[in-house]
Amino acid sequence: MHQKTVAEVSAALHAGEISSRELTDALLHRIEQFDPGLNSLITVTAEQARAAADAADARLRSGEAGPLTGVPLIHKDIFCTDGVATTCGSRMLESFQAPYDATVVRRLADAGAVMLGKANMDEFAMGSSNETSYFGPVRNPWDLDAVPGGSSGGSAAAVAARLAPAATGTDTGGSIRQPAALSGICGLKPTYGRVSRYGMVAFASSLDQAGPFARTAEDLALLLGGMAGLDERDSTSVDHVVPDYSESLNRSIKGLRIGVPREFFGEGLDADVRSRVEGALQVLEGEGAELVEVQLPNMELALPAYYVIAPAEASSNLARYDGVRFGHRCAQPQDLEDLYKRSRAEGFGDEVQRRILVGTYALSAGYYDAYYRKAQQVRRLVSEDFRQALEQVDVLAGPTSPTPAFGLGERADDPVQMYLSDIYTLGVNLAGLPGLSVPAGFSRGRPVGLQLIGGYFDEARLLNVGHKYQQVTDWHKQVPEGFE
Amino acid sequence: MKWETVIGLEIHAQLATRTKIFSGAPTAYGAEPNTQACPVDLGMPGVLPVLNREVVRMAIKFGLAVGARIAPRSVFARKNYFYPDLPKGYQISQYDLPIVEGGHLDIELEDGASKRIGITRAHLEEDAGKSLHEDFHGMTGVDLNRAGTPLMEIVSEPDLRSPAEAAAYMKKLHALVRYLEICDGNMQEGSFRCDANVSVRPTGQEAFGTRAELKNLNSFRFVERALEYEVERQIDLLESGGEVVQETRLYDVDQGVTRSMRTKEEANDYRYFPEPDLLPVEVDTALVEEVRETLPELPDEKRRRFEQEDGLPAYDAGVLTATREMADYFEHAVSESGGFAKRTANLLMSELLAYLNKDGLEIGASPVTPEMLGTLVVRVEDETLSSRGAKDVFEAMWAGEGGPDEIIEKKGLKQVTDTSAIEALVDEAIANNPKQLEQYRAGKEKLFGFFVGQVMKASGGKANPQQVNELLKQKLDGS
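What counts and how
- Residues numbered from 1 in each chain as written.
- Chains lettered and ligands numbered in written order.
- Predicted model: local features only at pLDDT ≥ 70, side-chain atom pairs only at ≥ 80, totals over all residues.
- Heavy atoms only, no water.
- Helix = DSSP H or I, 4+ residues; strand = E, 2+ residues; numbered from the N terminus.
- Rg over C-alpha atoms; globule rule 2.2 N^0.38 Å.
- Buried < 20%, exposed > 50% of the residue type's maximum accessible area, 1.4 Å probe, protein only.
- Contact = heavy atoms within 4.5 Å.
- Areas by Shrake-Rupley, 256 points an atom, 1.4 Å probe, with all protein chains shown as cover.
- Patch = residues over 30% accessible without salt bridge, like charges linked within 9 Å, V, L, I, M, F, W, Y side chains within 5 Å.
- Salt bridge = Lys/Arg side-chain N within 4 Å of Asp/Glu carboxyl O.
- Buried area = accessible area lost by both parts, 1.4 Å probe.
- Polar contact = N/O pair within 3.5 Å; in protein donor to acceptor, adjacent residues only side chain to side chain.
- Phe/Tyr/Trp six-rings, centres within 6.5 Å; stacked < 30°, edge-to-face > 60°.
- Lys NZ or Arg CZ within 6 Å of the ring centre and 35° of its normal.
- Pairing = 2+ DSSP bridges.
- Axes fitted to C-alpha atoms, helices over the stretch in contact; angles between N-to-C directions.
- 1 Å grid on protein atoms, 1.4 Å probe; cavity = no way out; pocket = protein on both sides within 12 Å on 5 of 7 lines; lining within 4 Å.
- Points joined across faces, edges and corners; volume = space filled by probe spheres on them.
- Nonpolar A, V, L, I, M, F, W, Y, C, P; charged D, E, K, R; others polar.

## Here's the deal with the overall build of chain B
Along the backbone of chain B there are 15 helices and 16 strands. The C-alpha radius of gyration computed for chain B amounts to 30 Å, which surpasses the reference 23 Å derived for 479 residues by more than 25%, pointing to a less compact arrangement than a globule. With the C-alpha coordinates aligned to their principal axes, the bounding extent of chain B is approximately 95 × 55 × 55 Å. Within chain B, the proportion of its 479 residues that are buried is 52%. Considering only contacts within chain B whose residues lie at least 6 apart along the sequence, 68% involve residues at least 24 apart. In the form shown here, chain B has an accessible surface area of approximately 22,500 Å², with 48% of it arising from carbon and sulfur atoms.

If you want it as C-alpha cells, here you go:
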C-alpha cells in the first residue's frame, strides 16, 4: 500500500479499495517503524491525521471528493499549522505554535489531504544537507551515511522511504530540487508567485517558493493543482489561471526544443552525474525532442549574487525572533541588549547566524552599493540570460546538483563547498522561473537528478516532459533497500 | 552677530482609516492593550503585509491638495532596527521612492504677508506599538494596538525662519489634513505628531548650520516653545565659542528644555532595502483623477471666496477658515440665515468666539448651534431684534434657554418698529426735556445722543434705533 503513488492512492480511494483511515494508519505505523532511523519528521500528528482521514472517508462516500481527498502527506516544518508546533528546524521556534494555517496547508486540507506530520529541515531553510537542523540531521534512505540534501531534506527522505506518497517543501535556492535529486524522487519549484507564501516562515522573501515532492511528475501535477493560485494574503502571489496540470501530461514531446546550457556541464560536475544526465537527454531525444546547445553566460555570477540577496533578506526576516513576543527567550535577561543577544545567540544555530551576519553587512551603510545593489544588477543579468535562452527553446535541461548525495558531516564545516551544491538551481530562483527535478539514475547507489527549467508559469510543460520521461524510464520505481 | 533660524518640520499624520495599513485589524484608539493586533501586526512567522488601498487614496488626496507630484510608482522599503515595540524588527516605510513629492503650503505671517513653504515629500509608513514603562515593576510592557496604524510622514523644506513660522505651518497643515478628512488631528492621542530639524546661521550666510532634531513636539505650543529654547541654546553655544553637534534631542515639557537623546554616532544604520513582500505601488492617472473628484474646497480657496463673494474682511475670512469645523459651522449658519454672510460672520466673531474662548470650548461643543445662530441673524435682518437685543438673545442661548424665537418671545425682546409708537415716544422725550431742547437748538448738537437715550430707555431698549434717529432728527431739526 505504501508503494502507491498519489495517483494510485487516489484511484484506490475513489474505487473504495482502501480507506484513507487504513492508509493513514498503515503509514503512521511505517513512520513509527522507520523514522527513528531517518529522523525525517520533527512532529507526527497521528491524532489529527486519523480524524482528517475519517473526514476524508466520509467525503469520499458522499461523492464530493477530489483527487487529493484522503491522500496522506507530510508538510515541511516551515509551514505554519494551526495548533501544531512549527519549528522551522530551529531551537528558536522549538515551542512555537501558530494560531493560523499557511495557505498551502489550508488549501491542501480543504482538498481533503491528510497531514501525517511535519518534516525535518535545515534550520530556517538555510542549508543543502539538512545538517543545520536543531533536531538533528536526516539520513538518506538510499545510503544512511549520506545526506538527503536540503533544506527540505526531511520531506524528500520521507517520500523516498515511502513514509508518505507526497510532501511539501520550499525552494529558495534549490531546497526542493536538490533534495529531490539526492533522494531519488521528483520535486517541483513553481514560478515565483504561483503558490502563496502566506504562513510559510520567510527565509528570503523574493526567492522563497513552495512546491511539492512525490515520486512521479504525474503526482506533482495533482499536488500543484491543490496548492497553486492567487492568495489575497500574499501580495506577491500572481493572478494567473491555474490549469489542470494533469491534462497535458501525456502530450507528445515530438519537436520539443530542449536547451542544454553549456555552463551546466563545466568544471565541478561529477563525471557520473554528467553521464546520467546526458543519458537522460538522449532518452528525451529518443522521444522526439530536439537538443539545442544554449548559453547562460552570467551563470557563474549567480552564486555570489544569491549569497548576498538571500542573506540580506534573511537578516531582516529573522529580526522578529528577538525573544520579546514568541520563540526562544534567554533565561534571566539583565537588560534589553542582553535579552536580544542571548536569545538570538542561543536560539539560532551557526549557519543561520553566519547568514544574518553576512546579510547585515551587505545592507550596511557604505556597503549597500557594492553588495546588495550590485547583486540585484547581477540578478537582472541572470534573468535576462534565462529569458534569451528560453526564447530559443521550450525548456532547459541539465543536472540538478553537481554531485550525488555526499556523506553526513563531509561538508558540514565547509560552507562554500556546501553552497556549491546549489550551483545549478539558485539561478532559477534569482530569475523566478519554475524548475523540476526527476530521478535520472544512480552513481554508486546514490540517486542523480535531471533538472528541467521552464518559462514563467510553464509548469504544465515541465510536468509533461517529466512525465513522458518517466513513462520510458524506471528510475523512480526503484526502492531504497530496506524500505520495500 | 545677527543669527538666522532655519527650521524644517517632519510631521506624522495618522491616516483615518478603519483598518491598519497592512492588516485588517481595527485602528480605533484606546482599546485594552494588545486586543487590536492580529498576527500580521504582531510580526508572527510567515505572515505577510497587504496594502490597504485607502491609504494610497489618502496620500494622493494630500498630494493634490499641496500641489505635489503623485508618483506613478512608489516603493515600500524596510527600515531595520531592534526595539521591543517594533514587532518585525523593521518598519515598513517608503524611502527613496515616496508617493508624494514636491508640494507647498502657504502660511500667513504676523504682518499679514503670505509665505510659501516647500513640502519635500510625503510618504506612507506603519506606526510601531507602544512601550509602557510604568506599572511593570522595572520591566517594560508592550502594547501593539498601534502597531501597523497608517502614518503619512510629511517633510517640509528647511524654509521656516522662526518658531512662530513653524507653528503657523504646523497649524495650517493640521487644518488641511482635517479639511481633507484624512487625519482626525487629535494631538493628545498622537494622531498628529511633529519632529523639527533646527539650526542657526549668521544672517547672510548661505550654508546651513549644524542641525539638531527635536522629537515629540506634540502641541502647537510645545513646538514653538521647544524651538525657541533650542534656537536660543544654539545661539548661546555658538556665541560662547562652542559648536552645535548633530544629534537628536527630546523636549522636556515640564522643564521647558531640550535634552540630548542620541548623537549622530549613536544613530542606527537602518539598512533600508526594498520590501520584497509588497509590490511597488502603481498609481495611474485615472486613480488620481478619481481622487481629485473627492477633494473638498480647500481652506485657501474658501478663504478667497469668503473675501471676494461674501465681502468679508481678510482677517475674518482667515479666522473662519482656520479649521474645517469653524468653516463648516459658519457656512451652515449662513445658509440658515438665508445668505447674510456678513452679519453671520460678525455675530460669530464677536459673540460665539468670545463665549467659546471664555468657556474654553471647541466649536463642536458650542451650545449655540449653527441653526440657532442663523435664525438669530434672520431676526436681526428682519428687524425683530436690534443688535443690542441680538447680544442678549445670544447670551440666553449660550445659557441653554432655547432658540432665538423662544427667547425673544419669553423675554419680550421684540423690537418696536411701528413708526407711530416710536413717534409718540419721541414726542414725549422732547416734551419732557424743554431745557435740553433749548440748548440743542442753540447749537449744542451733542445733546442729540441724550434724546436717543431717552427714547430708547422709554421703549425698554426695544425701539428700532435707526427709526428713533430719523424721527428725532426730523422733530428736533425740522420744526
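## Focus: a nonpolar patch on the surface
Residues and elements named next belong to chain A. A contiguous nonpolar surface patch, about 290 Å² in accessible area, is contributed by Tyr361, Tyr367 and Tyr371. Relative to the assigned elements, tyrosine 361 resides in helix H11 (residues 350-363). You can call tyrosine 361 partly exposed: its relative accessible area is 40%.

## Brief notes about the interface of chain A and chain B
Residue-level contacts link 39 residues of chain A with 29 residues of chain B. Roughly 2,700 Å² of surface becomes buried between chain A and chain B when both sides are summed, with 59% attributable to carbon and sulfur atoms. At the surface where chain A touches chain B, the tally comes to one salt bridge. Among the salt bridges present, the one from arginine 197 of chain A reaches aspartate 277 of chain B, with a minimum N-O distance of 3.0 Å. At the boundary of chain A and chain B, one finds 16 residue pairs in polar contact (both at pLDDT 80 or more).

## Overview of the packing of aromatic side chains
In the structure shown here, the tally under the stated rule is 31 aromatic pairs over all chains. Following the ring pairs from residue to residue traces out a cluster consisting of Phe96, Phe124, Tyr321, Phe326 and Phe348 of chain A. Just above the ring of tyrosine 198 of chain A sits the side chain of arginine 233 of chain A; from NZ or CZ to the centre is 4.4 Å. Above the ring of phenylalanine 448 of chain B, the side-chain terminus of lysine 473 of chain B is found at 4.6 Å from the ring centroid.

## So, the sheet that holds strand S2 (residues 69-70) of chain B
Strand pairing within a sheet occurs via backbone hydrogen bonds; the two strands may be parallel or antiparallel. All names here are of chain B. Strand order in this open sheet of nine strands is S2-S6-S7-S10-S1-S11-S12-S13-S14, and the pairing throughout is mixed. With one partner strand each, in any of the chains shown, S2 and strand S14 (257-263) form the two edges of the open sheet. On the sheet, helix H2 (residues 163-179) packs against strand S1 (3-14), strand S6 (100-108), strand S7 (114-126), strand S10 (150-156) and strand S11 (192-202) and is oriented at approximately 115 degrees with respect to S6.

## Topic: the layout of surface pockets
All names here are of chain B. Estimated volume of the second largest pocket: approximately 1,300 Å³. Along its surface, the second largest pocket is lined by 38 residues, and Lys171, Gly318, Val319, Ala322 and Thr323 are the ones closest to its centre. For the lining of the second largest pocket, the secondary-structure elements that each account for two or more residues are S6, H2, helix H3 (220-239), helix H5 (299-308), helix H6 (314-320), helix H7 (324-337) and helix H8 (341-359). Top element by residues in the lining of the second largest pocket is H2. It accounts for nine residues. Tallied by class, residues from the lining of the second largest pocket come to 17 nonpolar, eight polar and 13 charged.

## Some details on the sheet that holds strand S5 (residues 90-94) of chain B
Ordered in space as S5-S4-S15 (chain B), the three strands form an open sheet in which the pairing is antiparallel. Each of the sheet's edge strands pairs with one partner strand only, and the pair in question is S5 and strand S15 (273-274) of chain B. Bridge analysis of strand S4 (residues 76-80) of chain B against S15 of chain B gives two bridges, and the strand direction is antiparallel. Each residue of the ladder has a partner; that of alanine 77 of chain B, found in S15 of chain B, is proline 274 of chain B. Packed onto the sheet, helix H9 (residues 299-317) of chain A meets S4, S5 and S15 of chain B and runs at close to 65 degrees relative to S4 of chain B.

Spatial relationships are all this shows, so hold off on functional conclusions.
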